Amino acid sequence: MDVLFGSIDVRDLLSTQDLEPTSPLSAPDLRLLIDRLNLRSLHIKQNALSYLSSHHSHFSHLLSLSSLTFSKTLDLSSDLSSLLSLLSDTSPLDVDIRHLASQISSKRSELEERKEALRLVRCISALIGRLESAREDLRGGMLIEAAAAVRDLKKAFGVSGSDHEEEDATLPPVFRLLHAEWMECFDEVQDVLARIMENAVTFEPENGRVRVKLRLTVGEIKSVELRTVLMAMDIVGVLDYGLAKVADSMIKHVMIPTVRNGLGVGFVEELNRDSQQKDEAILSLILSPNYQVEYSNGATIFSRLLQVTKFIYKSICFSNGTWMQCFGRLTWPRISELVISEYLSKAVPDDSIKIAELQNVVKLTTEFETALKEMMFISATDRKDDKLSTFAQNVEVHFASRKKKEILAKARNLLLQREFVLSLENLRKGPNFYSHGVTGNASDYAVDLLFQPERCLVSKAASQLMELVHQTLQGIRLSSTRVAMEFYHAARDALLLYEAIVPVKLEKQLDSINQAAVVVHNDLLYLSQEILGLAFEYCSDFPNGVKEHAVFVDIPPRFHQMAEEILQKQIKLVIFSLNEAIDGADGFQNTHQMQQYESAKFSLDQMENFVKAIFTDSPLRKECLWRIGKANS
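Parameters at a glance
Residues numbered from 1 in each chain as written. Predicted model: local features only at pLDDT ≥ 70, side-chain atom pairs only at ≥ 80, totals over all residues. Heavy atoms only, no water. Helix = DSSP H or I, 4+ residues; strand = E, 2+ residues; numbered from the N terminus. Buried < 20%, exposed > 50% of the residue type's maximum accessible area, 1.4 Å probe, protein only. Contact = heavy atoms within 4.5 Å. Areas by Shrake-Rupley, 256 points an atom, 1.4 Å probe, with all protein chains shown as cover. Pairing = 2+ DSSP bridges. Salt bridge = Lys/Arg side-chain N within 4 Å of Asp/Glu carboxyl O. pLDDT = per-residue confidence, 0-100. Axes fitted to C-alpha atoms, helices over the stretch in contact; angles between N-to-C directions. Parallel < 35°, antiparallel > 145°, perpendicular 65-115°, else oblique. Left-handed = near helix turned anticlockwise from the far one by under 90°. Nonpolar A, V, L, I, M, F, W, Y, C, P; charged D, E, K, R; others polar. Core = buried A, V, L, I, M, F, W, Y, C linked by side-chain atoms within 4.5 Å. Phe/Tyr/Trp six-rings, centres within 6.5 Å; stacked < 30°, edge-to-face > 60°. Expected span 1.5 Å × (residues − 1). Disulfide = S-S within 2.5 Å. Patch = residues over 30% accessible without salt bridge, like charges linked within 9 Å, V, L, I, M, F, W, Y side chains within 5 Å.

Moving on, we come to the overall build of the chain. For the chain, the helix and strand inventory stands at 25 helices and eight strands. Buried positions account for 38% of the 633 residues belonging to the chain. In the chain, of all internal contacts separated by at least 6 residues, the share reaching a separation of at least 24 is 69%. Carbon and sulfur atoms provide 55% of the accessible area of the chain, an area that totals close to 36,800 Å².

Structure below.
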């Protein structure tokens, strides 16, 4: 009821309004409440009946629609039950229908596959036809059309620039066959174009000529233009292959004679009298009668090379920048190396004072490379192609590098060719050498020690090596920073050559009692003290960029250590030899007997002469005798 007419508080139906919410109702109130509720119920029924009467048509439509929907639902349920029962039965008709449907689906798939295969066969047939057409165009002299067909078919076949063998291994057989057909056609086109190019540009070394046929006939190909051949090679992408042999022959028969022999260059064009067209261009190499005088002039060399390059640009590449760049990539590395080895390297002066005179060479090389860039023979943006100007601008480095090689070669020859022995004249002087000095030719071997109040005899190799180091360091004073740094490293390396060469050269002598050990000990002692004085003598005059890096203090300790090791080894060897000599005296017993006395005296004389003969006039003698005496005391 609350839904129909809202919430009803029964106390509102009573006449008494002052009742407490929790107080119970009396019997009269209850009867009154029942009567009023009956009246309210009748009123609600009358309202509901009135509403239904006014909307009778609507309710009638809704009920009929519900009845129809329910009826259809029953029919659908019946049909579904019949279908399920039919599908659940294994009747032959159902099996036939399903088999027939499967066959229809299979036939349709097979038909689609055959249509796809037919389309593929047609496509393959069309591609092979285009390949055959390209071959026909090639045989008919239509080089550009054949090259364009090969280029387009490369994209159609999906051929990449990678290794074809590795690529074909992953493809289906039909694609491998297509790739093989295309490669065969490509090789045929490439070989024909290369053969025409080889016949178009011929070299006659005996006559000093390069003959370029601008129109020629090769085999079945009649009257083809050289420009057309280059265009076809460019289209198919074989310019490098087609021009490689021509570029190699141009280097061998033209560039090398022009640079090495100073040959002049002449350029002639021959016209066809009938058509007045240029059929041939000839480049002639002419030996100048005074080429030896002209050859020393770099301007002449660069001028003749430019004439050859202009001939290539005009008559072979037909002023085409792309073709000229390709020809330049094939030839410029060898041309630049040729010019550097035959001219620029020889122009490097022997004296650092003449380096400033090479500014003219720098100017010539820059102008030469600029002219080549204008003809697009070399790149205008890639600095790697500026080899000549870079070499000329770094002439100081090349000068210093060459001087360094010469210094190290001289030092190496000194150490390998000189003998490490002392002259008999100095050995006879004995102790007088230290008090009176040495005169005559033997004075070349006598040196003063910087940090010891003594003189000693050293090998001529050590003396001349030190003179070479002094000369090298003196050249730093008048040199630039880069040259000075190279000279500094040359001086260091020359000194280190002694450490690297002498111990290996005299390995057997140093392992025995030998005069060479005395000489090497003196050399190392002398060199270590001389090297310590180099920094005080020269570093103040070095350029600022060299002062920070010029260090010699690390070398003397190594030389001194080597000298000490030689001393210790010689002491051990001498002590061992002396002990053997002493043992030969039978312990100096019974010396009152003449035979035993003579034996003991002979042993002592042998020891004295042995020490004097080996260690005369050397700082090693005093040190060795003192340590031997201490060891035997």
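Attention now goes to the pairing of strand β2 (residues 209-213). Here is the key point about a regular strand: its side chains alternate between the two faces of the sheet. Looking at chain direction, strand β1 (residues 201-204) and β2 are connected through four bridges and run antiparallel. Bridge pairing in β2 places Thr202 opposite Arg211. Where β1 hands over to β2, the hairpin turn is made up of four residues, of which Gly208 adopts a positive phi near 65°.

Time to look at the pattern of salt bridges. Inspection of the entire model under this criterion finds 23 salt bridges. Linking Arg211 and Glu204 is a salt bridge whose minimum nitrogen-to-oxygen distance equals 3.2 Å. Summarising the burial analysis for this pair, Arg211 and Glu204 share the class buried. A salt bridge links Glu499 to Arg558; the nearest nitrogen and oxygen atoms lie 2.8 Å apart. Placement of the pair is Glu499 in helix α19 (residues 481-505) and Arg558 in helix α23 (residues 555-583), with a sequence separation of 59 residues.

To continue, consider the confidence of the model for the chain. Here the chain shows a mean pLDDT of 78. Residues at 70 or above account for 75%. Segment residues 271-275 is flagged for pLDDT under 50; beyond a separation of four residues in sequence, or across chains, it makes five contacts in the model. Every residue in residues 615-619 is under pLDDT 50, and counting partners more than four places away or in other chains gives 25 contacts.

Right, let's get into the packing of helix α12 (residues 321-347) against helix α13 (residues 359-374). Orientation of α12 relative to α13, taken along the N-to-C sense of each, is 165°, at an axis distance of 14 Å. The angle between the axes of α12 and α13 places the two elements in the roughly antiparallel class. The element α12 and its partner α13 pack so that their crossing is right-handed. The segment α12 lies against α13, with Trp332, Tyr343 and Leu344 engaging Val361, Thr365, Phe368, Glu369 and Leu372. Tallied by class, residues from the contact of α12 with α13 come to six nonpolar, one polar and one charged.

Once that is clear, we can look at the environment of Glu184. Inspection of the secondary structure puts Glu184 in helix α7 (residues 173-200). Classification of Glu184 by relative accessible area gives partly exposed; the value is 47%. Remark: the alpha-carbon pair of Glu184 and Leu131, spanning 53 residues in sequence, is separated by 9.8 Å.

Interaxial distance between helix α5 (residues 143-157) and helix α8 (residues 226-236) falls to 8 Å at its minimum, and their mutual angle equals 5°. With respect to each other, α5 and α8 are oriented roughly parallel. Residues Leu143, Ile144, Ala147, Ala148, Val150 and Arg151 of α5 pack against Thr228, Val229, Met231, Ala232, Ile235 and Val236 of α8. Here the residues of the contact of α5 with α8 are counted per class, giving 10 nonpolar, one polar and one charged.

Before going further, it helps to spend a moment on the nonpolar core. Nonpolar side chains tend to gather and get buried jointly when the protein is soluble and globular. The biggest cluster of nonpolar side chains holds 139 residues, and the ones touching the most others in it are Met250 and Tyr498. With 13 residues, the top contributor of residues to this core is α19. Those residues within four positions of Tyr498 in sequence are excluded, and the remaining contacts are Leu415, Phe420, Ala462, Leu465, Pro503, Val520, Asp523, Leu524 and Leu527.

Attention now moves to the pairing of strand β3 (residues 215-218). Only one face of β3 is covered, namely the face carrying Leu216 and Val218; the face carrying Arg215 and Thr217 is uncovered. Judged from the three bridges that link them, β3 and strand β4 (residues 221-225) form a sheet pairing that is antiparallel. Its bridge partner lying in β4, Arg215 is registered against Glu225. Hairpin connection, β3 to β4: the antiparallel pair is bridged by two residues, and Gly219 has positive phi, about 60°.

Attention shifts here to the packing of aromatic side chains. Counted according to the given criterion, the structure contains seven aromatic pairs. Centroid distance Trp182 to Phe186: 5.1 Å. Interplanar angle 15°. Geometry classified as stacked. One end of the pair is Trp182 and the other is Phe186, both in helix α7 and four residues apart, which spans about a single turn. Judged by its relative accessible area of 16%, Phe186 falls in the buried class. Centre to centre, the rings of Phe302 and Phe368 are 4.9 Å apart; their planes meet at 20°, and the pair counts as stacked. Of this pair, Phe302 sits in helix α11 (residues 298-316) while Phe368 is found in helix α13, placing the two residues 66 residues apart along the sequence. An aromatic cluster is present here, built from Phe302, Trp332, Tyr343, Phe368 and Phe377 joined pairwise through their rings.

Next up on the list: helix α18 (residues 460-476). Taking 1.5 Å per residue, 17 residues should reach 24 Å; α18 reaches 25 Å between its end C-alpha atoms and fits that length. For α18, the buried fraction is high: 12 of the 17 residues fall into the buried class. Listing the buried residues of α18 in full gives Ala461, Ala462, Ser463, Gln464, Leu465, Met466, Leu468, Val469, His470, Thr472, Leu473 and Ile476. Elements in contact with the buried residues of α18: α15 (395-417), α19 and α21 (515-538).

So, about the state of the cysteines. For the structure shown, the criterion picks out zero disulfides. Just so you know, Cys326 is unpaired, no disulfide at all, and the nearest cysteine sulfur is the one on Cys317, 8.0 Å from it.

Moving on, we get to unusual backbone geometry. One non-glycine residue with positive phi stands out, namely Ser223, at about 50°. Position of Ser223 among the secondary structure elements: in strand β4. Since its relative accessible area comes to 41%, Ser223 is described here as partly exposed. Non-glycine residue Ser319 carries a positive phi angle of around 60°. Note on placement: Ser319 falls in the loop between α11 and α12.

Okay, a nonpolar patch on the surface next. A surface patch of nonpolar side chains, amounting to about 450 Å² of accessible area, comprises Leu450, Phe451, Leu532, Val551 and Val553. A residue is classified by how much of its surface remains accessible, and Leu532, at 35% relative accessible area, is partly exposed.

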